[in-house]
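# Geometric and topological summary
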Protein chains: 6
Amino acid sequence: MTHPTTPKPSPLTHFDAEGQAHMVDVAAKASTHRVAVAEGRITMEPATLALIQSGSAKKGDVLGIARIAGIQGAKKTSDLIPLCHPIALTRVAVEFDVEAATNSVLCRTTAECTGQTGVEMEALTACSVALLTIYDMCKAVDRGMTMGGVRLVEKRGGKSGHFVAPALTTL
Amino acid sequence: MTHPTTPKPSPLTHFDAEGQAHMVDVAAKASTHRVAVAEGRITMEPATLALIQSGSAKKGDVLGIARIAGIQGAKKTSDLIPLCHPIALTRVAVEFDVEAATNSVLCRTTAECTGQTGVEMEALTACSVALLTIYDMCKAVDRGMTMGGVRLVEKRGGKSGHFVAPALTTL
Amino acid sequence: MTHPTTPKPSPLTHFDAEGQAHMVDVAAKASTHRVAVAEGRITMEPATLALIQSGSAKKGDVLGIARIAGIQGAKKTSDLIPLCHPIALTRVAVEFDVEAATNSVLCRTTAECTGQTGVEMEALTACSVALLTIYDMCKAVDRGMTMGGVRLVEKRGGKSGHFVAPALTTL
Amino acid sequence: MTHPTTPKPSPLTHFDAEGQAHMVDVAAKASTHRVAVAEGRITMEPATLALIQSGSAKKGDVLGIARIAGIQGAKKTSDLIPLCHPIALTRVAVEFDVEAATNSVLCRTTAECTGQTGVEMEALTACSVALLTIYDMCKAVDRGMTMGGVRLVEKRGGKSGHFVAPALTTL
Amino acid sequence: MTHPTTPKPSPLTHFDAEGQAHMVDVAAKASTHRVAVAEGRITMEPATLALIQSGSAKKGDVLGIARIAGIQGAKKTSDLIPLCHPIALTRVAVEFDVEAATNSVLCRTTAECTGQTGVEMEALTACSVALLTIYDMCKAVDRGMTMGGVRLVEKRGGKSGHFVAPALTTL
Amino acid sequence: MTHPTTPKPSPLTHFDAEGQAHMVDVAAKASTHRVAVAEGRITMEPATLALIQSGSAKKGDVLGIARIAGIQGAKKTSDLIPLCHPIALTRVAVEFDVEAATNSVLCRTTAECTGQTGVEMEALTACSVALLTIYDMCKAVDRGMTMGGVRLVEKRGGKSGHFVAPALTTL
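Residues numbered from 1 in each chain as written. Chains lettered and ligands numbered in written order. Predicted model: local features only at pLDDT ≥ 70, side-chain atom pairs only at ≥ 80, totals over all residues. Heavy atoms only, no water.

### Description of the relation of the copies chain D and chain C
Mapping chain D onto chain C is achieved by rotating through 180 degrees and translating by 0.0 Å along the same axis, at an RMSD of 0.0 Å. As the rotation angle and translation indicate, the two copies are arranged about a two-fold axis. Taking C-alpha positions as reference, the residue of chain D nearest the rotation axis is Gly148 of chain D, located at 1.8 Å. Most of the interface of chain D is mirrored in chain C, where 100% of its interface residues again form contacts. (Least-squares fit on C-alpha atoms with pLDDT ≥ 70 in both. Contact = heavy atoms within 4.5 Å.)

Spelled out as structure tokens, the structure:
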């Protein structure tokens, strides 16, 4: 007779042995201080970038609004990503670098909590929502903007240890 | 004599003449059928891509869950993006292509409404949330996945006419 | 040569010809006045029912709170049910009948809109949330309450015509 | 003189001594591992059940989508049920049994947390939302489906001890 | 014979003839362009007001963030106020006046839609949320700030005609 | 060498040294039992106040509905106020005093948690949402109602010690 064995668990932990999605049990994980850093970039026409730069200084503060949207986006992560746990974030920060050389704005986000599960999705969601907000604010003058290089840069505090992404040679 | 001139309006329509953000008045715009198509891509290790492919066929349906998350994300756009209008979407679709040649999943989203404002943010948000969900489902085996090439592909139905993005040579 | 035919569409309209979920296109449907009525019931210990009855008159208004929760639940339908369209509801009502003979509270909900898609999910969601709220308010004294008979009672205004559910002989 | 006594507190803990609703103080309760299991059932035409069964295997995955909706619904419990506390769920699972003998799908949900208040509402909400989603997905072919038998099956970890619902003889 | 009369309807339209709350039927109302203007004020220590003023010009943009919060708050009105209809807002604007003479910031909000129900709650909610956000941003230096004078200033476009609030002599 | 000094931090803790908004790091703060009490008032025509009073006793329970809205509003604070942390509230209460002498309803709210950050915004948000709900319920008969005196009354449990607001001589 075949199949005396139980099914092999999926390496994707969001699925149980039958391949059904579930919100993973984290009750037995240690409650530790967890930090995740993510980044991403939106590339645009030079004239659009100039508008953003002048706006931040004077009027039409695109990046100030995108920063708020990113912070609020981090708090909505478990509402947006089906299998994410609700998390009591202790800190969220969103920073921007306007890079004239690449005609782009780099967004770097940090999320932190003291809890039983990591915050990389919160950092990545903050970054994506911040970039989408820049797109929204500037789309009247530039529909061809592209968002890319959205990735986890660093993660620490969980049992999987300290992760640092390799440096990028190009975006 | 002071102030003979009014301030020049920002080309960024989300700001008024004083540079203050507002939710733009769309009451005078025509109510038309509007369509937007967006796309984006998540690049990963070949072994991760293989897991997604086998899962879709058998168990652990990563893409099925990301599709639902993307559709629900489109409905949350005006909640996520500060100056977006609430929109009565008439259709949302999310499609995936698993591309072994580039070790990536391409996500293409379509949003439609009959209304006074475009749906490009809804299509882009659906795409970003779908990609983030793939990241979440696979991060246990691959932390280095990168999301990129998130952009508007097509838009029609508004007064700015039919926009089609140029073809990409590389991502 | 194999496969000269396109796949047969699923009779479940929430799936496309490939079996992928989507939010169905309703742009071509007529905008009509649509009404849906749903009902459901929560059965409990006689003493619990007596508490609800006395509370409505005097203090501890369980049904008043459940009514508000049901109305608010109707407004959250497209957030809860993945493939539901966002709908501009024009009316929601939630009524209760305390039925001593069956030791139960019957909840009947009505949802209305003028639009391109039906409101049966809004009526059913209002009913389920109202019943869950009664459960929550009374669970300190009765954990064994059961919710049942949740169903669509009537629907009109769409192209599928006027639906009236058959009378129930038993719950 | 009448009324030297303070009013008798309602046995319904969601009301204070004056009968006013409040969100109960749980600060003094022990933080323990809490588990709740709920179940419910949706009954339908045999042909509808057959569509669900074929879909799960091949295309049109009704139950996969309902599972995701149920998990997300659990996370929205405190938003839906007025007097529920926000809870940091540590696990949510949603399982289905397709029962040809009763022409129904049985849904069984589990919610867990480590905290000061029980998770029975989270389990019951997950169950109701999952059943509503099945209704939504299949309503194009079967408007007469009925949801019932929604109840708490088991609860443990609180000061009220271990609750196990009696077996059902009929639904 | 008793009861030849039906109960007199409440002048509060959110209740039916039995005094039960409902979301009022607006299907028969004309779809018109509707505008509402609200205002409110937060009063504080002179030193706090000075911080806000310097921040707006240089860094720490309290009012920019409160403006975004107010606009987003307007979009959440039907989620916050139980019997409000969901509304497709066509415009939201939030303006501030820093008034040194009264040690206060005046907030004036405008909401607009084309629809069947007024937008005064949207304007008032935007105003309240903007003031609460100013409180939050400044509470580290001034706990005694007070919000007041929150009221409808103007409303037009509905069947009740053009409402203009009388001028205030004092706040 | 230029720039030997770091910028002076803003006394507004929601901004970093560069004046950029962030969600403040609270990970190092003690987890203590925290309580905040807020109050506010809505002033109206005597006839409107009479309607509210009769309604509470008989039918049309304005204050019962406003209480629920206030409690639910407290739970939405971190969604409404951009830089608020998500908080696991352990208690929320909303009380009303109908004051014929001032033609007003006084609303007093209490929020509590055991955590690393205060709950004054939760108490203030509950109060504002409760007052807005009273406005909404009564606006059909009285558009000139005004909300005021919204302020923090008491706060304890944080490192800043016990705050008690001075008594008001007039509202």
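### So, the interface of chain D and chain C
Counting residues at the interface gives 53 residues for chain D, matched by 53 residues for chain C. For the chain D and chain C pair, buried surface summed over both sides reaches about 4,500 Å², with 70% attributable to carbon and sulfur atoms. For the chain D face of the interface with chain C, the top three residues by lost area are Leu12, Leu132 and Arg143 of chain D, together amounting to 15%. The tally of links from chain D across to chain C stands at two salt bridges. When the shortest N-O distance is used, the salt bridge between Asp79 of chain D and Lys76 of chain C registers 3.4 Å. (Buried area = accessible area lost by both parts, 1.4 Å probe. Salt bridge = Lys/Arg side-chain N within 4 Å of Asp/Glu carboxyl O.)

### A few points about the pairing of strand 1 (residues 32–43) of chain C
All names here are of chain C. In terms of burial, strand 1 is a largely internal element, nine of the 12 residues being buried. Pairing of strand 1 with strand 3 (residues 104–115) involves 12 bridges; the strand directions are antiparallel. Its bridge partner lying in strand 3, His33 is registered against Thr114. Strand direction decides the pairing type here: strand 1 and strand 4 (residues 146–156), joined by eight bridges, are antiparallel. Residue pairing in the sheet places Ala36 in a bridge with Lys155 of strand 4. (Buried < 20%, exposed > 50% of the residue type's maximum accessible area, 1.4 Å probe, protein only. Helix = DSSP H or I, 4+ residues; strand = E, 2+ residues; numbered from the N terminus. Pairing = 2+ DSSP bridges.)

### Observations concerning the side chain of Gln72 of chain D
For Gln72 of chain D, the location among the structural elements is in helix 2 (residues 62–75). Those residues in contact with Gln72 of chain D that lie beyond four places of it in its chain are Asp79, Leu80 and Pro82 of chain A together with Gln72 of chain B.

### Things to note about the pattern of salt bridges
Tallied over the entire structure, the rule returns 54 salt bridges over all chains. Notably, a salt bridge pairs Glu154 of chain B with Arg156 of chain B, separated by 2.9 Å at the nearest N-O pair. The partner of Arg151 of chain E in a salt bridge is Glu39 of chain E, and the shortest N-O contact between them spans 3.4 Å. Linking Arg151 of chain E in strand 4 (residues 146–156) with Glu39 of chain E in strand 1 (residues 32–43), this pair joins segments that are 112 residues apart in sequence. Taken together, the shared-partner salt bridges in this structure form one network comprising Lys76 of chain A, Asp79 of chain B, Lys76 of chain E together with Asp79 of chain F.

### What to know about unusual backbone geometry
Residues and elements named next belong to chain A. Even without being glycine, Asn103 reaches a positive phi, approximately 50 degrees. On the secondary structure map, Asn103 appears in the loop between strand 2 (89–99) and strand 3 (104–115). For Asn103, a relative accessible area of 25% corresponds to the partly exposed category.

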